[in-house]
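Residues per chain are reported as follows:
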Amino acid sequence: MAIRTLQIPGELNVSLQVGDTIYASKIRSGQAGSNHQNAGNVDTKPIAIGKVTQVNFQTRTITIDDAGF
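Residues numbered from 1 in each chain as written. Predicted model: local features only at pLDDT ≥ 70, side-chain atom pairs only at ≥ 80, totals over all residues. Heavy atoms only, no water.

Asker: Would you mind going over the pairing of strand β3 (residues 47-56) with me for this structure?
Answerer: Here strand β2 (residues 21-24) runs beside β3; their pairing, made up of 4 bridges, is antiparallel. Bridging across to β3, Thr21 finds its partner in Lys51. With 5 bridges connecting them, β3 and strand β4 (residues 61-65) associate as antiparallel partners. The residue of β4 that forms the bridge with Asn56 is Thr61. Hairpin connection from β3 to β4: 4 residues lie between these consecutive antiparallel strands, with Arg60 at a positive phi of about 55°. (Pairing = 2+ DSSP bridges. Helix = DSSP H or I, 4+ residues; strand = E, 2+ residues; numbered from the N terminus.)

Rendered as structure tokens:
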């Protein structure tokens, strides 16, 4: 089990809550949409990186547990 803390530069979505799954994807220049053809041979589909264990809306910090991901 690895606990990670993510600080988000913008506002967190108000519906974010403990137990939600966090996803990430590779972003390529000129890309539009998921797995867009402009991404070249890079798979840009989102992948799950962990479950939310804590949310702090004041500091815009999300703590996730990536065990099993």
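There's plenty left to go through after this.
Asker: Sorry if this is basic, but what is going on with unusual backbone geometry here?
Answerer: Glycine aside, a negative phi is what most residues show, and trans is what most peptide bonds show. The phi angle at Arg60 is positive, at roughly 55°, despite the residue not being glycine. As for its position among the elements, Arg60 is in the loop between β3 and β4.

Remember that the coordinates give geometry; whether it matters functionally is a separate question.
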